[in-house]
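Each chain, letter by letter, is given below.
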Amino acid sequence: MALDDLVRSLNDLYRLSGSARVHADTVRTTGVAITQTGLRFLSLIQDSPRISASDLASNADVSQPTASRVLQALEADGYVVRHQSDSDGRVSHYVTSTSGRRALAKVHAYHVDRLAFALADVEDARRLEIIEAVGELVTRFHSTAAGTARRRTA
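Residues numbered from 1 in each chain as written. Predicted model: local features only at pLDDT ≥ 70, side-chain atom pairs only at ≥ 80, totals over all residues. Heavy atoms only, no water.

**Thoughts on the environment of Gln36**
- By the element assignment, Gln36 lies in helix α3 (residues 36–47).
- Take Gln36: its relative accessible area is 34%, and that puts it in the partly exposed class.
- When the C-alpha positions of Gln36 and His23 are compared, they lie 6.7 Å apart, and in sequence the two are 13 residues distant.
- When neighbours within four sequence positions are excluded, Gln36 is seen to be in contact with Gly18, Ser19, Ala20 and His23.
- At 2.6 Å, the side chain of Gln36 forms a polar contact with the backbone oxygen of Gly18. (Helix = DSSP H or I, 4+ residues; strand = E, 2+ residues; numbered from the N terminus. Buried < 20%, exposed > 50% of the residue type's maximum accessible area, 1.4 Å probe, protein only. Contact = heavy atoms within 4.5 Å. Polar contact = N/O pair within 3.5 Å; in protein donor to acceptor, adjacent residues only side chain to side chain.)

Take a look at the structure:
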């Protein structure tokens, strides 16, 4: 039963963090005018420099045309820079620009502030337990996902 409760809580957290209201608050507070998908792409590009549009589409689970539109907007807004592949001129790779890194830093700082507010009345020892538990859970999910992918292809 405890795992059912954990799944429900994680689903609630996922829905809340991905909600239009939370995103609108983030945009309003940070001044970073970007769509939810654009922010997701910008974060993926920051984490995987020189990523291609097709890899972004795959990682974000969107169609290639959607990925192209989002990337065009990010490039037009100055958040990313496109580079031609050294080995294949038909392929472009994307990296975050200085402006994109600044935008991500503002959003990150806002999220840290919101989390600090949510945990303001939690004692330091308990806060550390929560941080460690969430970090461990993320690590375990990553390792489980990698193991699942290997099993599927074997």
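Read on for the rest.
**Comments concerning helix α6 (residues 98–118)**
- Its 21 residues place the ends of α6 30 Å apart at the C-alpha level, agreeing with the 30 Å of an ideal helix rising 1.5 Å per residue.
- Listed as buried for α6 are Gly100, Ala103, Leu104, Val107 and Tyr110. An end-on view of α6 places all buried positions within 125° of arc, on one side of the element. Residues of α6 that are exposed and angled more than 90 degrees away from the buried face: Arg102 and His108.
- Residues of α6 that are buried make contact with α2 (20–30), α3 and β3 (92–96). (Expected span 1.5 Å × (residues − 1). Arc of directions from axis to C-beta.)

**Observations concerning the nonpolar core**
- With 21 residues, the main nonpolar core has Ile34, Phe41, Leu42, Ile45, Leu71, Leu74 and Tyr79 as its most contacted residues.
- Listed by contribution, the elements that provide at least two residues to this core are α3, α4 (53–60), α5 (64–76) and α6. (Core = buried A, V, L, I, M, F, W, Y, C linked by side-chain atoms within 4.5 Å.)

**Description of unusual backbone geometry**
- The phi torsion at Arg50 lies on the positive side, around 65°, for a residue other than glycine.
- Using a relative accessible area of 39% as the deciding quantity, one classes Arg50 as partly exposed.

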